[in-house]
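Spelled out, the chains give:
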Amino acid sequence: MPQIAISVDMLETGVDIPSVLNLVFFKEVFTKSKFWQMVGRGTRLCEKLIDGEDKKEFLIFDFFGNFERFSNETKPEQGRAALPIQGAIFKNKAGIVKALQNEKYQNEDLQNYRQELINQMTKQVGQLNPLAFNVHQHLSAVDHYKQESSYSHLTDKDILEITKELSYLIQPAIKEEIHATWFDSLIYGIELALLEEKSIFAGWKRVQEKAKILLNSYIGIPQVAAQEALLESCLKKEDADELDIPYLEAVRKNFRSLMKYIINSGQQFYYTDYEDTLKEINERDAVYANGDLENYRIRTEKYIREHEDLPAIKKLKNNEPLTNKDIMDLEKVLWTDLGTKADYEAEYNDRPLGEFVRSITGLDQKAAKEAFATFLDEAQLDDDQINFVNSIIEYLVQNGTMKLSVLQESPFKDLGGVLLFQDNLSEFQRLRNSINQVNERAITILH
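What comes next concerns the included structure.

Cut-offs applied
Residues numbered from 1 in each chain as written. Predicted model: local features only at pLDDT ≥ 70, side-chain atom pairs only at ≥ 80, totals over all residues. Heavy atoms only, no water. Core = buried A, V, L, I, M, F, W, Y, C linked by side-chain atoms within 4.5 Å. Buried < 20%, exposed > 50% of the residue type's maximum accessible area, 1.4 Å probe, protein only. Helix = DSSP H or I, 4+ residues; strand = E, 2+ residues; numbered from the N terminus. Contact = heavy atoms within 4.5 Å. Salt bridge = Lys/Arg side-chain N within 4 Å of Asp/Glu carboxyl O. Expected span 1.5 Å × (residues − 1). Bend = angle between axes of the 7 residues up to and from the residue. Polar contact = N/O pair within 3.5 Å; in protein donor to acceptor, adjacent residues only side chain to side chain.

### Side note on the nonpolar core
Next up, step 1: With 56 residues, the main nonpolar core has Val251 and Phe255 as its most contacted residues.
Next up, step 2: Per element, the largest residue contribution to this core is nine residues, and it comes from helix 8 (residues 178-195).
Next up, step 3: Once residues within four sequence positions are removed from consideration, Val251 is found in contact with Phe183, Ile187, Val207, Leu230, Cys234 and Arg256.
Next up, step 4: Among the nonpolar cores identified, the runner-up in size contains 23 residues, and Phe372, Ile386, Met402 and Leu431 belong to it.

### Here we look at the pattern of salt bridges
Next up, step 1: Enumeration according to the criterion identifies 23 salt bridges in this entry.
Next up, step 2: Where Lys205 meets Glu238, a salt bridge forms, and the shortest distance between an N and an O atom there is 3.3 Å. You can see Lys205 sitting in helix 9 (residues 201-217) and its partner Glu238 sitting in the loop between helix 11 (228-236) and helix 12 (245-255), a full 33 residues away along the chain.
Next up, step 3: Accessibility expressed as a relative area gives 29% for Lys205, which makes it partly exposed.
Next up, step 4: A salt bridge links Arg430 to Glu427; its shortest N-O distance comes to 3.1 Å. Of this pair, Arg430 and Glu427 both sit in helix 21 (residues 425-440), separated by three residues, roughly a single helical turn.
Next up, step 5: Its relative accessible area of 10% is what places Glu427 among the buried residues.
Next up, step 6: Taken together, the salt bridges that share partners define one network made up of Asp184, Glu249, Arg252 and Arg256.

### Points about helix 19 (residues 365-378)
In an α-helix, one full turn covers 3.6 residues, which means residues spaced three or four apart are oriented alike.
Next up, step 1: The first and last C-alpha atoms of helix 19 sit 20 Å apart over 14 residues, in line with the 20 Å expected at 1.5 Å per residue.
Next up, step 2: A maximum bend of about 45° is found in helix 19 at Phe372.
Next up, step 3: Those residues of helix 19 that fall on the buried side of the exposure criterion are Ala367, Ala368, Lys369, Phe372, Ala373, Phe375 and Leu376.
Next up, step 4: Against the buried residues of helix 19 lie helix 7 (156-166), helix 15 (311-317), helix 20 (383-399) and helix 21.
Next up, step 5: Its side-chain oxygen placed 3.1 Å from the backbone nitrogen of Lys366, Asp364 serves as the N-cap of helix 19.

Spatial relationships are all this shows, so hold off on functional conclusions.
What follows is the structure, given as C-alpha coordinates:
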(Lines give C-alpha, C1' and ligand atoms only; values in the text may rest on other atoms or scores of the structure.)
Protein backbone atom coordinates (compact mmCIF):
# COMPACT_ATOMS: atom_id res chain seq x y z
CA MET A 1 0.00 0.00 0.00
CA PRO A 2 -0.74 2.38 -1.47
CA GLN A 3 -1.64 0.71 -4.77
CA ILE A 4 -1.69 3.06 -7.76
CA ALA A 5 -2.95 2.19 -11.25
CA ILE A 6 -2.20 4.53 -14.16
CA SER A 7 -4.10 4.11 -17.42
CA VAL A 8 -4.57 5.96 -20.70
CA ASP A 9 -8.09 5.60 -22.16
CA MET A 10 -8.60 2.37 -20.20
CA LEU A 11 -10.41 1.52 -16.95
CA GLU A 12 -12.66 4.55 -17.52
CA THR A 13 -15.92 2.77 -18.31
CA GLY A 14 -17.42 -0.64 -17.68
CA VAL A 15 -14.92 -1.61 -14.98
CA ASP A 16 -16.06 -2.45 -11.45
CA ILE A 17 -13.30 -2.09 -8.83
CA PRO A 18 -15.03 -1.45 -5.47
CA SER A 19 -11.78 -0.77 -3.60
CA VAL A 20 -10.97 2.41 -5.58
CA LEU A 21 -10.63 5.26 -3.06
CA ASN A 22 -9.18 8.09 -5.14
CA LEU A 23 -9.42 9.15 -8.79
CA VAL A 24 -7.01 11.52 -10.52
CA PHE A 25 -8.29 13.19 -13.70
CA PHE A 26 -5.18 14.29 -15.59
CA LYS A 27 -6.71 15.12 -18.96
CA GLU A 28 -9.56 17.12 -20.42
CA VAL A 29 -12.80 15.21 -20.96
CA PHE A 30 -15.25 16.62 -23.50
CA THR A 31 -18.04 14.04 -23.51
CA LYS A 32 -20.56 14.31 -20.70
CA SER A 33 -21.47 10.62 -20.66
CA LYS A 34 -17.78 9.61 -20.52
CA PHE A 35 -17.14 12.07 -17.69
CA TRP A 36 -19.88 10.58 -15.55
CA GLN A 37 -18.71 7.07 -16.38
CA MET A 38 -15.27 8.05 -15.09
CA VAL A 39 -16.75 9.48 -11.91
CA GLY A 40 -18.67 6.24 -11.50
CA ARG A 41 -15.44 4.24 -11.07
CA GLY A 42 -15.29 5.58 -7.51
CA THR A 43 -18.94 5.15 -6.51
CA ARG A 44 -18.83 1.39 -5.90
CA LEU A 45 -19.38 0.40 -2.27
CA CYS A 46 -16.79 -1.74 -0.51
CA GLU A 47 -17.22 -3.31 2.93
CA LYS A 48 -14.41 -3.35 5.51
CA LEU A 49 -11.97 -1.68 3.16
CA ILE A 50 -9.73 0.09 5.68
CA ASP A 51 -9.24 -1.05 9.29
CA GLY A 52 -12.55 -2.88 9.17
CA GLU A 53 -14.45 0.26 8.12
CA ASP A 54 -16.72 0.32 5.08
CA LYS A 55 -15.93 2.67 2.22
CA LYS A 56 -18.06 5.77 2.72
CA GLU A 57 -16.55 8.29 0.33
CA PHE A 58 -13.93 8.74 -2.35
CA LEU A 59 -11.91 11.70 -3.61
CA ILE A 60 -11.42 13.06 -7.11
CA PHE A 61 -8.34 15.12 -7.93
CA ASP A 62 -9.25 17.04 -11.09
CA PHE A 63 -6.29 18.81 -12.71
CA PHE A 64 -8.07 19.97 -15.88
CA GLY A 65 -11.27 21.66 -14.72
CA ASN A 66 -13.62 18.90 -15.84
CA PHE A 67 -15.97 19.41 -12.89
CA GLU A 68 -16.28 23.08 -13.75
CA ARG A 69 -16.96 22.17 -17.38
CA PHE A 70 -19.80 19.78 -16.56
CA SER A 71 -21.20 21.64 -13.54
CA ASN A 72 -22.58 24.55 -15.55
CA GLU A 73 -25.52 24.45 -17.89
CA THR A 74 -23.67 25.22 -21.12
CA LYS A 75 -23.11 22.27 -23.40
CA PRO A 76 -19.39 21.47 -23.63
CA GLU A 77 -17.64 21.55 -26.94
CA GLN A 78 -17.20 18.04 -28.23
CA GLY A 79 -13.58 16.97 -28.69
CA ARG A 80 -11.81 13.98 -30.13
CA ALA A 81 -8.38 12.61 -29.39
CA ALA A 82 -5.81 13.14 -32.10
CA LEU A 83 -5.20 10.09 -34.25
CA PRO A 84 -1.79 8.54 -33.41
CA ILE A 85 0.70 8.49 -36.28
CA GLN A 86 0.42 4.69 -36.68
CA GLY A 87 -3.36 5.06 -36.86
CA ALA A 88 -3.07 7.84 -39.44
CA ILE A 89 -0.85 5.61 -41.58
CA PHE A 90 -3.32 2.73 -41.26
CA LYS A 91 -6.20 5.00 -42.27
CA ASN A 92 -4.27 6.30 -45.30
CA LYS A 93 -3.39 2.77 -46.36
CA ALA A 94 -7.09 1.87 -46.26
CA GLY A 95 -7.85 4.95 -48.37
CA ILE A 96 -5.17 3.95 -50.91
CA VAL A 97 -6.54 0.38 -51.09
CA LYS A 98 -10.00 1.80 -51.79
CA ALA A 99 -8.74 4.32 -54.36
CA LEU A 100 -6.86 1.62 -56.26
CA GLN A 101 -10.18 -0.13 -56.88
CA ASN A 102 -10.84 2.52 -59.54
CA GLU A 103 -10.88 1.14 -63.06
CA LYS A 104 -8.12 3.50 -64.24
CA TYR A 105 -5.66 1.97 -61.77
CA GLN A 106 -6.08 -1.63 -62.91
CA ASN A 107 -2.52 -2.36 -63.93
CA GLU A 108 -0.22 -5.04 -62.56
CA ASP A 109 2.17 -2.79 -60.62
CA LEU A 110 -0.55 -0.86 -58.82
CA GLN A 111 -2.59 -3.96 -58.04
CA ASN A 112 0.51 -5.68 -56.64
CA TYR A 113 1.04 -2.62 -54.44
CA ARG A 114 -2.61 -2.75 -53.34
CA GLN A 115 -2.18 -6.40 -52.34
CA GLU A 116 1.01 -5.52 -50.46
CA LEU A 117 -0.89 -2.94 -48.41
CA ILE A 118 -3.70 -5.40 -47.69
CA ASN A 119 -1.18 -7.94 -46.44
CA GLN A 120 0.36 -5.33 -44.14
CA MET A 121 -3.03 -4.25 -42.76
CA THR A 122 -4.38 -7.74 -42.12
CA LYS A 123 -1.13 -8.61 -40.35
CA GLN A 124 -1.38 -5.53 -38.11
CA VAL A 125 -4.99 -6.22 -37.21
CA GLY A 126 -4.24 -9.89 -36.64
CA GLN A 127 -1.53 -8.96 -34.14
CA LEU A 128 -3.97 -7.06 -31.89
CA ASN A 129 -4.52 -8.81 -28.57
CA PRO A 130 -8.24 -9.69 -28.32
CA LEU A 131 -7.93 -9.88 -24.52
CA ALA A 132 -6.71 -6.27 -24.25
CA PHE A 133 -9.39 -4.02 -22.78
CA ASN A 134 -9.39 -1.47 -25.61
CA VAL A 135 -9.29 -4.15 -28.32
CA HIS A 136 -12.07 -6.23 -26.76
CA GLN A 137 -14.50 -3.34 -27.30
CA HIS A 138 -13.94 -3.55 -31.06
CA LEU A 139 -13.71 -7.32 -31.57
CA SER A 140 -16.32 -7.38 -34.33
CA ALA A 141 -14.29 -4.96 -36.47
CA VAL A 142 -11.01 -6.67 -35.55
CA ASP A 143 -12.32 -10.09 -36.58
CA HIS A 144 -13.69 -8.66 -39.83
CA TYR A 145 -10.65 -6.67 -40.98
CA LYS A 146 -8.05 -9.29 -40.18
CA GLN A 147 -9.53 -11.23 -43.10
CA GLU A 148 -8.06 -10.46 -46.52
CA SER A 149 -11.47 -10.87 -48.16
CA SER A 150 -12.78 -7.84 -46.22
CA TYR A 151 -10.65 -5.57 -48.44
CA SER A 152 -11.89 -6.93 -51.77
CA HIS A 153 -14.15 -3.93 -52.31
CA LEU A 154 -13.97 -1.22 -49.66
CA THR A 155 -16.76 1.35 -49.39
CA ASP A 156 -16.92 4.77 -47.74
CA LYS A 157 -18.71 3.09 -44.84
CA ASP A 158 -15.78 0.67 -44.46
CA ILE A 159 -13.30 3.55 -44.35
CA LEU A 160 -15.38 5.23 -41.65
CA GLU A 161 -15.48 2.01 -39.64
CA ILE A 162 -11.74 1.41 -40.04
CA THR A 163 -11.01 4.95 -38.89
CA LYS A 164 -13.23 4.82 -35.81
CA GLU A 165 -12.87 1.19 -34.78
CA LEU A 166 -9.29 0.25 -35.71
CA SER A 167 -7.03 3.24 -36.31
CA TYR A 168 -6.70 4.05 -32.62
CA LEU A 169 -5.73 0.43 -31.83
CA ILE A 170 -2.81 0.01 -34.24
CA GLN A 171 0.51 -0.31 -32.43
CA PRO A 172 3.96 0.79 -33.69
CA ALA A 173 6.43 -1.86 -34.76
CA ILE A 174 9.01 -2.89 -32.18
CA LYS A 175 12.11 -0.63 -32.28
CA GLU A 176 10.57 1.48 -35.05
CA GLU A 177 12.40 4.75 -35.73
CA ILE A 178 9.82 7.50 -35.11
CA HIS A 179 11.35 9.89 -37.69
CA ALA A 180 11.13 7.19 -40.35
CA THR A 181 7.51 6.59 -39.35
CA TRP A 182 6.80 10.30 -39.69
CA PHE A 183 8.17 10.20 -43.25
CA ASP A 184 6.03 7.13 -44.01
CA SER A 185 2.96 9.07 -42.90
CA LEU A 186 3.90 12.02 -45.11
CA ILE A 187 4.38 9.90 -48.24
CA TYR A 188 1.25 7.78 -47.72
CA GLY A 189 -0.73 11.01 -47.40
CA ILE A 190 0.73 12.27 -50.70
CA GLU A 191 -0.03 8.95 -52.41
CA LEU A 192 -3.66 9.04 -51.28
CA ALA A 193 -4.08 12.66 -52.38
CA LEU A 194 -2.54 11.83 -55.78
CA LEU A 195 -4.92 8.90 -56.33
CA GLU A 196 -7.92 10.98 -55.26
CA GLU A 197 -6.77 13.83 -57.54
CA LYS A 198 -6.39 16.28 -54.66
CA SER A 199 -3.62 18.82 -54.15
CA ILE A 200 -0.24 17.40 -53.16
CA PHE A 201 1.60 20.73 -53.25
CA ALA A 202 2.17 21.23 -49.52
CA GLY A 203 3.15 17.62 -48.86
CA TRP A 204 5.55 17.36 -51.78
CA LYS A 205 7.21 20.67 -50.84
CA ARG A 206 8.03 19.16 -47.44
CA VAL A 207 9.66 16.18 -49.17
CA GLN A 208 11.70 18.52 -51.37
CA GLU A 209 12.78 20.55 -48.34
CA LYS A 210 14.11 17.37 -46.68
CA ALA A 211 15.86 16.30 -49.90
CA LYS A 212 17.55 19.72 -50.21
CA ILE A 213 18.77 19.62 -46.59
CA LEU A 214 20.22 16.13 -47.08
CA LEU A 215 22.02 17.14 -50.28
CA ASN A 216 23.42 20.38 -48.85
CA SER A 217 24.44 19.24 -45.40
CA TYR A 218 24.70 15.47 -45.14
CA ILE A 219 25.99 14.20 -48.49
CA GLY A 220 29.18 13.11 -46.69
CA ILE A 221 27.22 10.42 -44.86
CA PRO A 222 27.51 7.20 -46.93
CA GLN A 223 23.81 6.34 -46.58
CA VAL A 224 22.86 9.79 -47.91
CA ALA A 225 25.44 9.73 -50.69
CA ALA A 226 24.00 6.44 -51.93
CA GLN A 227 20.69 8.20 -52.62
CA GLU A 228 22.14 11.31 -54.28
CA ALA A 229 20.57 10.68 -57.70
CA LEU A 230 17.11 10.08 -56.24
CA LEU A 231 17.43 13.12 -53.96
CA GLU A 232 18.32 15.32 -56.94
CA SER A 233 15.40 13.95 -58.96
CA CYS A 234 13.02 14.99 -56.17
CA LEU A 235 14.07 18.61 -56.53
CA LYS A 236 13.34 18.55 -60.27
CA LYS A 237 9.79 17.26 -60.00
CA GLU A 238 7.38 20.14 -59.44
CA ASP A 239 4.00 18.96 -60.70
CA ALA A 240 1.71 16.12 -59.76
CA ASP A 241 1.86 14.90 -63.36
CA GLU A 242 5.54 14.04 -62.81
CA LEU A 243 4.78 11.79 -59.84
CA ASP A 244 3.29 8.33 -59.63
CA ILE A 245 2.89 5.67 -56.96
CA PRO A 246 5.99 3.58 -57.83
CA TYR A 247 8.19 6.70 -57.70
CA LEU A 248 6.70 7.84 -54.37
CA GLU A 249 7.22 4.37 -52.91
CA ALA A 250 10.85 4.45 -54.01
CA VAL A 251 11.24 7.82 -52.27
CA ARG A 252 9.59 6.53 -49.11
CA LYS A 253 11.60 3.31 -48.87
CA ASN A 254 14.97 4.94 -49.64
CA PHE A 255 14.59 8.18 -47.67
CA ARG A 256 12.79 7.03 -44.50
CA SER A 257 16.02 5.89 -42.78
CA LEU A 258 17.71 9.20 -43.63
CA MET A 259 15.25 11.38 -41.71
CA LYS A 260 17.05 10.80 -38.41
CA TYR A 261 20.01 12.84 -39.67
CA ILE A 262 17.80 15.87 -40.25
CA ILE A 263 15.62 15.59 -37.17
CA ASN A 264 18.56 15.10 -34.81
CA SER A 265 20.80 17.76 -36.30
CA GLY A 266 21.49 20.71 -34.03
CA GLN A 267 19.61 19.25 -31.05
CA GLN A 268 20.79 20.41 -27.67
CA PHE A 269 20.07 18.69 -24.40
CA TYR A 270 19.49 20.52 -21.14
CA TYR A 271 19.44 18.77 -17.78
CA THR A 272 17.41 20.28 -15.00
CA ASP A 273 16.87 19.56 -11.34
CA TYR A 274 13.50 21.09 -10.49
CA GLU A 275 11.25 20.11 -7.61
CA ASP A 276 7.58 19.65 -8.50
CA THR A 277 5.33 22.08 -6.70
CA LEU A 278 1.59 22.61 -6.64
CA LYS A 279 0.79 26.29 -7.06
CA GLU A 280 -2.79 26.02 -5.92
CA ILE A 281 -5.15 23.46 -4.43
CA ASN A 282 -8.89 24.09 -4.47
CA GLU A 283 -11.33 21.81 -2.68
CA ARG A 284 -14.70 21.56 -4.40
CA ASP A 285 -17.86 19.92 -3.24
CA ALA A 286 -19.25 17.24 -5.49
CA VAL A 287 -21.78 18.45 -8.04
CA TYR A 288 -24.54 16.82 -5.97
CA ALA A 289 -23.65 18.49 -2.66
CA ASN A 290 -25.76 20.84 -0.54
CA GLY A 291 -28.95 18.82 -0.87
CA ASP A 292 -28.79 18.39 -4.65
CA LEU A 293 -29.33 14.66 -4.23
CA GLU A 294 -32.85 15.53 -3.25
CA ASN A 295 -33.38 17.13 -6.67
CA TYR A 296 -35.39 14.81 -8.88
CA ARG A 297 -33.55 15.71 -12.09
CA ILE A 298 -30.09 15.03 -10.65
CA ARG A 299 -31.30 11.88 -8.92
CA THR A 300 -32.76 10.34 -12.06
CA GLU A 301 -29.91 11.31 -14.37
CA LYS A 302 -27.36 9.92 -11.90
CA TYR A 303 -29.30 6.66 -11.66
CA ILE A 304 -29.45 6.20 -15.44
CA ARG A 305 -25.72 6.84 -15.87
CA GLU A 306 -24.90 4.28 -13.22
CA HIS A 307 -27.39 1.61 -14.36
CA GLU A 308 -26.84 1.31 -18.11
CA ASP A 309 -26.92 -2.46 -17.63
CA LEU A 310 -30.62 -2.32 -16.65
CA PRO A 311 -32.43 -4.19 -19.48
CA ALA A 312 -34.70 -1.31 -20.49
CA ILE A 313 -31.88 1.26 -20.42
CA LYS A 314 -29.53 -1.09 -22.27
CA LYS A 315 -32.13 -1.72 -24.98
CA LEU A 316 -32.74 1.98 -25.47
CA LYS A 317 -29.02 2.65 -25.87
CA ASN A 318 -28.69 -0.25 -28.34
CA ASN A 319 -31.78 0.85 -30.34
CA GLU A 320 -33.65 -2.35 -29.49
CA PRO A 321 -37.46 -2.42 -29.16
CA LEU A 322 -38.89 -2.34 -25.63
CA THR A 323 -41.42 -4.76 -24.22
CA ASN A 324 -44.31 -3.74 -21.98
CA LYS A 325 -42.32 -5.14 -19.04
CA ASP A 326 -39.37 -2.92 -19.93
CA ILE A 327 -41.61 0.13 -19.98
CA MET A 328 -43.22 -0.79 -16.66
CA ASP A 329 -39.76 -1.27 -15.14
CA LEU A 330 -38.77 2.22 -16.31
CA GLU A 331 -41.97 3.72 -14.93
CA LYS A 332 -41.36 2.01 -11.58
CA VAL A 333 -37.82 3.38 -11.34
CA LEU A 334 -38.63 6.92 -12.49
CA TRP A 335 -42.14 7.31 -11.09
CA THR A 336 -41.91 5.29 -7.88
CA ASP A 337 -38.37 4.51 -6.72
CA LEU A 338 -36.79 7.88 -7.52
CA GLY A 339 -39.83 10.11 -7.28
CA THR A 340 -43.36 10.42 -8.59
CA LYS A 341 -44.91 10.84 -12.00
CA ALA A 342 -45.74 14.40 -10.97
CA ASP A 343 -42.04 15.00 -10.27
CA TYR A 344 -41.17 13.70 -13.74
CA GLU A 345 -43.80 15.82 -15.47
CA ALA A 346 -42.70 18.91 -13.53
CA GLU A 347 -39.18 18.47 -14.89
CA TYR A 348 -39.81 16.99 -18.36
CA ASN A 349 -43.47 17.69 -19.16
CA ASP A 350 -44.82 14.91 -21.42
CA ARG A 351 -41.45 13.81 -22.79
CA PRO A 352 -41.46 10.03 -23.44
CA LEU A 353 -39.44 8.09 -20.87
CA GLY A 354 -37.34 6.38 -23.53
CA GLU A 355 -36.45 9.68 -25.18
CA PHE A 356 -35.42 11.06 -21.80
CA VAL A 357 -33.21 8.02 -21.10
CA ARG A 358 -31.61 8.25 -24.56
CA SER A 359 -30.77 11.92 -23.99
CA ILE A 360 -28.49 10.77 -21.16
CA THR A 361 -27.07 7.50 -22.50
CA GLY A 362 -26.83 8.52 -26.14
CA LEU A 363 -27.03 5.83 -28.80
CA ASP A 364 -24.50 3.03 -29.05
CA GLN A 365 -22.20 3.75 -32.00
CA LYS A 366 -22.54 0.28 -33.50
CA ALA A 367 -26.33 0.46 -33.20
CA ALA A 368 -26.35 3.91 -34.81
CA LYS A 369 -24.31 2.70 -37.78
CA GLU A 370 -26.50 -0.37 -38.19
CA ALA A 371 -29.60 1.85 -38.27
CA PHE A 372 -28.25 3.56 -41.41
CA ALA A 373 -26.37 0.62 -42.92
CA THR A 374 -29.07 -0.35 -45.43
CA PHE A 375 -29.54 3.26 -46.52
CA LEU A 376 -25.79 3.78 -47.05
CA ASP A 377 -25.45 0.49 -48.93
CA GLU A 378 -28.36 1.07 -51.30
CA ALA A 379 -28.34 4.85 -51.82
CA GLN A 380 -26.28 6.43 -54.57
CA LEU A 381 -24.52 9.16 -52.57
CA ASP A 382 -21.60 11.46 -53.30
CA ASP A 383 -18.86 12.27 -50.77
CA ASP A 384 -20.65 15.35 -49.37
CA GLN A 385 -23.87 13.42 -48.83
CA ILE A 386 -22.02 10.56 -47.11
CA ASN A 387 -20.29 13.06 -44.83
CA PHE A 388 -23.69 14.58 -44.02
CA VAL A 389 -25.14 11.17 -43.08
CA ASN A 390 -22.10 10.34 -40.95
CA SER A 391 -22.62 13.62 -39.08
CA ILE A 392 -26.20 12.55 -38.35
CA ILE A 393 -24.89 9.25 -36.97
CA GLU A 394 -22.43 11.13 -34.74
CA TYR A 395 -25.24 13.38 -33.48
CA LEU A 396 -27.39 10.38 -32.57
CA VAL A 397 -24.48 8.73 -30.75
CA GLN A 398 -24.19 11.84 -28.58
CA ASN A 399 -27.87 12.78 -28.19
CA GLY A 400 -29.86 9.56 -28.63
CA THR A 401 -32.65 11.04 -30.79
CA MET A 402 -32.90 13.78 -33.39
CA LYS A 403 -35.57 16.28 -34.34
CA LEU A 404 -35.59 16.82 -38.09
CA SER A 405 -35.50 20.59 -37.55
CA VAL A 406 -31.93 20.16 -36.26
CA LEU A 407 -30.84 19.47 -39.85
CA GLN A 408 -31.41 23.19 -40.55
CA GLU A 409 -28.87 24.16 -37.88
CA SER A 410 -25.08 23.94 -37.52
CA PRO A 411 -23.13 21.80 -38.10
CA PHE A 412 -25.52 20.26 -40.63
CA LYS A 413 -26.28 23.46 -42.54
CA ASP A 414 -22.51 24.11 -42.73
CA LEU A 415 -22.12 20.77 -44.53
CA GLY A 416 -24.73 21.72 -47.10
CA GLY A 417 -27.87 20.70 -45.22
CA VAL A 418 -30.90 19.22 -46.89
CA LEU A 419 -30.02 21.08 -50.10
CA LEU A 420 -27.52 18.30 -50.75
CA PHE A 421 -30.53 16.14 -51.64
CA GLN A 422 -32.49 18.70 -53.68
CA ASP A 423 -31.94 16.70 -56.86
CA ASN A 424 -32.94 13.42 -55.23
CA LEU A 425 -35.78 13.93 -52.78
CA SER A 426 -36.57 10.22 -52.64
CA GLU A 427 -33.18 9.52 -51.09
CA PHE A 428 -33.73 12.28 -48.55
CA GLN A 429 -37.11 10.78 -47.68
CA ARG A 430 -35.40 7.44 -47.04
CA LEU A 431 -32.87 9.22 -44.84
CA ARG A 432 -35.69 10.85 -42.87
CA ASN A 433 -37.33 7.46 -42.45
CA SER A 434 -34.10 6.05 -40.98
CA ILE A 435 -33.94 8.92 -38.49
CA ASN A 436 -37.62 8.49 -37.57
CA GLN A 437 -37.14 4.77 -37.01
CA VAL A 438 -34.36 5.50 -34.50
CA ASN A 439 -36.59 8.05 -32.75
CA GLU A 440 -39.58 5.68 -32.66
CA ARG A 441 -37.56 3.06 -30.74
CA ALA A 442 -37.33 5.62 -27.93
CA ILE A 443 -41.11 6.17 -27.72
CA THR A 444 -42.38 4.31 -24.66
CA ILE A 445 -46.09 3.56 -24.83
CA LEU A 446 -47.74 0.54 -23.24
CA HIS A 447 -49.46 -1.73 -25.76
